[in-house]
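Fold and contact review
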Amino acid sequence: MDLKKIVLWFFVVVFFIFALVQYNDPDPYVWIPVYLIPTYLCYYKLQGKGDKLMYFGIGLLFLMWAINQFPPAWEGVLLNQGMKTVNIELGRESLGLGCCTVGMWICAVLKN
């Protein structure tokens, strides 16, 4: 298996796990599909489909959403902090969206 396939399978697994852990989120109907989209798109890239512009554009949308979700006051994202404040939840959401951005942009630069 070449490096490209390893990287893409890594993202497929990671984004799928991200989707799975959203079951207990206050709004899983938003976040489960959000993480299943890059899961599918990385798998789609494994099939040699999709073009650079599509992946770059979707990554840009994830980036803009991540910036929009960034909390007004950074309080961290650690699991041991629980859900004490909205800022912690916004930080986690922003970080997850940033991971989606990175995954989509890596898909954009990988050759089919």
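The structure displayed is predicted, hence computed values, not measured ones. Residue numbers here run from 1 along each chain, matching the order of that chain's written sequence. Given that the model is predicted, a residue must reach a pLDDT of at least 70 before its local features are reported, and side-chain atom pairs must reach 80 or more before they are shown or counted; all residues, however, enter totals for whole chains, interfaces and linings. Computation of side-chain values covers all heavy atoms of the structure but excludes hydrogens and water.

1. Focus: the nonpolar core
Counting 20 residues, the largest nonpolar core has Cys42, Tyr55, Phe62, Leu97, Met104 and Cys107 as the members making the most contacts within it. Where this core is concerned, the elements lending two or more residues are α1 (3–20), α2 (28–46), α3 (52–69) and α4 (86–109). Looking at this core, the element that brings in the most residues is α2, giving six residues. In what follows, a contact means two residues having at least one pair of non-hydrogen atoms within 4.5 Å. Those residues within four positions of Met104 in sequence are excluded, and the remaining contacts are Pro38, Leu41, Cys42, Tyr55, Ile58, Gly59 and Phe62. Residues enter a nonpolar core if they are buried and are Ala, Val, Leu, Ile, Met, Phe, Trp, Tyr or Cys, with the set joined through side-chain atoms within 4.5 Å. Think of it in three bands: residues with accessible area under 20% of the maximum for their type are buried, residues over 50% are exposed, and the middle band is partly exposed, with areas taken using a 1.4 Å probe on protein chains only. By the criteria applied, helices consist of DSSP H or I runs no shorter than four residues and strands consist of E runs no shorter than two, each listed in order from the N terminus.

2. As for the side chain of Gln22
You can see Gln22 is positioned in the loop between α1 and α2. The buried category is assigned to Gln22, whose relative accessible area is 12%. N or O atoms closer than or at 3.5 Å make up a polar contact, with two conditions inside protein: a donor-capable atom paired with an acceptor-capable one, and, for residues adjacent in sequence, both atoms drawn from side chains. A polar contact is formed between the side chain of Gln22 and the backbone oxygen of Phe18, at a distance of 3.4 Å. Setting aside residues no more than four positions away along its own chain, Gln22 makes contact with Pro28, Trp31, Ile32 and Tyr35.

3. A closer look at the confidence of the model for the protein chain
Caution applies to low-pLDDT parts of the model: their predicted coordinates are not meant to be read in detail. pLDDT measures how confident the predictor is about each residue, on a scale from 0 to 100. Mean pLDDT for the protein chain: 93, with 97% of residues reaching 70 or above. Of all secondary-structure elements in the protein chain, the lowest mean pLDDT belongs to α4, at 95, while α3 reaches the highest, 98.

4. Considerations on the UniProt feature "transmembrane region" (unreviewed entry) in the protein chain
UniProt positions are given in the numbering used here, feature names are shortened, and annotations may be inferred rather than shown by experiment. According to UniProt, the feature "transmembrane region" (unreviewed entry) maps to residues 7–23, 29–46, 53–74 and 94–110 in the numbering used here. Across residues 7–23, the secondary structure splits into 82% helix and 0% strand, with the terminal C-alpha atoms separated by 26 Å. Helix makes up 94% of residues 94–110 and strand makes up 0%, while its end C-alpha atoms are separated by 25 Å.

5. Re a nonpolar patch on the surface
On the surface, Met1, Leu3, Ile6, Trp9, Val13, Phe16, Ile17, Leu20, Val21, Leu36, Tyr40 and Tyr43 cluster together to form a nonpolar patch covering roughly 1200 Å² of accessible area. Taken together, the elements giving at least two residues each to the nonpolar patch come down to α1 and α2. It is α1 that contributes the most residues to the nonpolar patch, seven residues altogether. Note that Leu3 resides in helix α1. Like-charged residues within 9 Å of one another, or nonpolar side chains (Val, Leu, Ile, Met, Phe, Trp, Tyr) within 5 Å, are grouped into patches, provided each residue has over 30% relative accessible area and no salt bridge. All accessible-area figures derive from a Shrake-Rupley calculation using a 1.4 Å probe, and residue coverage is judged against the displayed protein chains alone. The term salt bridge refers to a side-chain nitrogen of Lys or Arg lying within 4 Å of a carboxyl oxygen of Asp or Glu.

6. Here we look at α3
Here α3 contains 18 residues, and its C-alpha end-to-end distance of 26 Å stays within 8% of the 26 Å for a straight helix at 1.5 Å per residue. For α3, the set of buried residues is Tyr55, Gly59, Phe62, Ala66 and Gln69. Summarising the axial view, the buried residues of α3 lie within an arc of 80 degrees, below the 170-degree limit, and thus occupy one face. Residues of α3 that are exposed and point over 90 degrees away from its buried face: Leu53, Leu61, Ile67 and Asn68. Tucked inside the fold, the buried residues of α3 contact α2 and α4. In this scheme, a helix's expected span is set at 1.5 Å multiplied by one less than its residue total. When we speak of the arc, we mean the arc of directions from the helix axis to the C-beta atoms.

7. Concerning the packing of α2 against α4
Describing two packed helices takes the angle between their axes plus the distance from one axis to the other. The geometry of α2 relative to α4 is characterised by a closest axis approach of 10 Å and an angle of 15 degrees between their N-to-C directions. One finds that α2 runs roughly parallel with respect to α4. For the pair α2 and α4, the sense of crossing is left-handed. Together, Trp31, Val34, Tyr35, Pro38, Leu41, Cys42 and Lys45 of α2 and Glu93, Gly96, Leu97, Cys100, Met104 and Cys107 of α4 make up the contact between the two elements. Axes here mean lines fitted to C-alpha atoms, for a helix over just the part in contact, with angles spanning 0 to 180 degrees between N-to-C directions. An angle below 35 degrees is read as roughly parallel, one above 145 as roughly antiparallel, one from 65 to 115 as roughly perpendicular, and any other as oblique. Helix crossings get a hand from a simple test, with the near helix turned counterclockwise from the far one by less than a right angle marking a left-handed crossing and a clockwise turn marking a right-handed one.

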